[in-house]
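# Overview (structure and organization)
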Amino acid sequence: MKKQIVLAVMVVLILITVTGCIGYNEETWLKKNGSGKIFFELSVPGLAEDNVLSEEGLAESFAKTKGIKLLEAKSYHDNGNKVVQATIAFDSLKALNEHKEAFWGEISLEKGKRGQLLFTKVISLGTNEKTAGFSEAASMLQGYQWKYTVHFPYKVSDANTAERLIDTKKNTVTWEVSLAGLASGSRELKATLKTTNYWLYGAIVLVIVAAVLSGVLLWAFKTVKPKENTDTSVAE
């Protein structure tokens with residue numbers, strides 16, 4: 001089996017053979033501890049059968065990978081295109097990024113200066129050497145949009161995508177990336193996330209409760225008068 005699942009190779013084969021539907025759809029679910037899962041679907045014109053584009057090839061690819069597990073994989077033909085679908089689970093972003101066949105790109109989640117989380121996903125068709133000749137063929141790839149969707153465990157503040165593709169209620173962001181653009185270089189998908197500081201909120205609540213109780217006690221102390229001595233008898 002080939003040791004690299006590089007999308008650049010697939011694109012080269014496509015350009016050499018026929019022009020047709022080149023589709024890629026990827027959906028990622030992230031958890032707060034850095035684990036999660038990825039579903040991806042790749043659709044390419046009828047190429048020569050490749051073990052990489054099969055259930056067996058994907059199973060072999062992830063068999064000895066630490067921190068990543070292939071949950072499901074299938075491939076089929078649809079209207080002259082070969083479609084490959086797979087779902088993987090990962091224990092951490094580190095394990096995901098260290099995979100040799102990380103065609104999903106490199107993902108990072110870092111803290112910003114204001115306490116927010118900065119999500120970055122760098123995608124490309126391969127190294128600069130592998131994509132050096134693709135810019136000339138970019139015109140053939142115009143109109144192809146690849147879709148990347150991420151479900152975040154935190155509130156989404158903003159992202160470098162169209163506003164219609166940001167769902168703040170479901171904390172989901174989608175990027176539509178031009179394949180022609182990827183043929184010329186890499187692309188960064190970015191999102192800013194808001195985190196909830198429960199310790200800070202708890203401290204604020206405690207301060208408010210303490211202030212209210214202090215006010216009540218002070219009011220009670222001022223309003224309650226001591227009893228006057230009503231005994232008018234004269235001692236003999």
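Quick look at the structure, then. (Residues numbered from 1 in each chain as written. Predicted model: local features only at pLDDT ≥ 70, side-chain atom pairs only at ≥ 80, totals over all residues. Heavy atoms only, no water.)

### Examining helix α2 (residues 55-63)
Going by this rule: When accessible area is computed with a 1.4 Å probe and restricted to protein chains, residues below 20% of their type maximum are described as buried, those above 50% as exposed, and intermediate ones as partly exposed. Secondary structure counts use DSSP, requiring at least four H or I residues in a row for a helix and at least two E residues in a row for a strand, with both numbered from the N terminus. To be clear, the arc concerns the directions from the helix axis to the C-beta atoms. The contact definition used throughout considers only heavy atoms, calling two residues in contact when any of these lie within 4.5 Å.
If you check which residues of α2 are buried, you get G57, L58, S61 and F62. Burial along α2 is one-sided: seen end-on, the buried residues are contained in an arc of 120 degrees. Away from its buried face, by an angle of more than 90 degrees, α2 presents the exposed residues E56 and A63. Those residues of α2 that are buried lie in contact with β2 (36-45), β3 (68-78) and β4 (81-90).

### Some points on the sheet that holds strand β9 (residues 166-167)
Convention followed: Whether two strands pair comes down to DSSP finding at least two bridges between them. Helix axes are fitted only over the stretch in contact, all axes being lines through C-alpha atoms; the angle between N-to-C directions runs from 0 to 180 degrees.
Read from one edge to the other, the open sheet built from 7 strands follows the order β3-β4-β2-β1-β7-β10-β9, with strand pairing classed as mixed. The open sheet has two free edges, formed respectively by β3 and β9, since each of these has just one partner strand. Sheet topology note: the β2/β4 ladder contains 10 bridges and is antiparallel. Residue pairing across strands places V44 opposite K82, the latter belonging to β4. Relative to β3, α2 is tilted by about 160 degrees, and along the sheet it contacts β2, β3 and β4.

### Looking at the pairing of strand β6 (residues 117-123)
Of all 7 residues in β6, 5 are buried, a share of seventy percent or more. In this sheet, β6 lies alongside strand β5 (residues 106-111) in antiparallel orientation, the contact comprising 6 bridges. Residue pairing in the sheet places S108 in a bridge with T120 of β6. The loop that links β5 with its antiparallel partner β6 comprises 5 residues; one of these, G115, has a positive phi angle of about 90 degrees. Across 7 bridges, β6 lies against strand β11 (residues 187-194) in antiparallel orientation. The residue of β11 that forms the bridge with V122 is E188.

### Concerning the pairing of β2
Counting buried positions over the 10 residues of β2 gives 7, a clear majority of the element. With 8 bridges connecting them, strand β1 (residues 23-30) and β2 associate as antiparallel partners. Note that in β2 the partner of G23 across the bridge is S43.

### What to know about the packing of aromatic side chains
This is how it is decided: Pairing of aromatic rings covers Phe, Tyr and Trp, the last through its six-membered ring, and needs centres within 6.5 Å; plane angles under 30 degrees mean stacked, over 60 mean edge-to-face, and all others mean tilted. Throughout this description, the term charge over a ring refers to an Arg CZ or Lys NZ atom that lies within 6 Å of the ring centre and within 35 degrees of the ring normal.
A complete count under the given rule lists 4 aromatic pairs for this structure. Centre to centre, the rings of Y24 and Y148 are 5.6 Å apart; their planes meet at 55 degrees, and the pair counts as tilted. Here Y24 is found in strand β1, whereas its partner Y148 is found in strand β7 (residues 145-151), with 124 residues between them in sequence. By way of ring pairs, the aromatic residues Y24, W146 and Y148 are connected into one cluster. Over the aromatic face of W29 sits the side chain of K37, whose NZ or CZ is 5.0 Å from the ring centroid.

### Looking at the sheet that holds β11
Ordered by their spatial adjacency, 4 strands build an open sheet running β5-β6-β11-β8, and the pairing between neighbours is antiparallel. Each end of this open sheet is capped by a strand with a single partner; those strands are β5 and β8 (155-159). Each strand of the sheet is rotated relative to its neighbour by a mean of 25 degrees, with strand direction disregarded. In the sheet, β8 pairs with β11 via 4 bridges, with the strands oriented antiparallel.

### Considerations on the environment of D91
Assignment of secondary structure puts D91 in the loop between β4 and α3 (93-98). The class for D91 is exposed, based on a relative accessible area of 56%. Among residues more than four places away in sequence, those in contact with D91 are G34, S35 and G67.

### A word on the environment of S186
Relative to the assigned elements, S186 resides in the loop between α4 (179-184) and β11. For S186, a relative accessible area of 54% gives the class exposed. Taking C-alpha positions, S186 is 7.4 Å from L125, a pair spaced 61 residues apart along the chain. In this structure, S186 is in contact with V122, I123 and S124, ignoring residues within four places of it in sequence.

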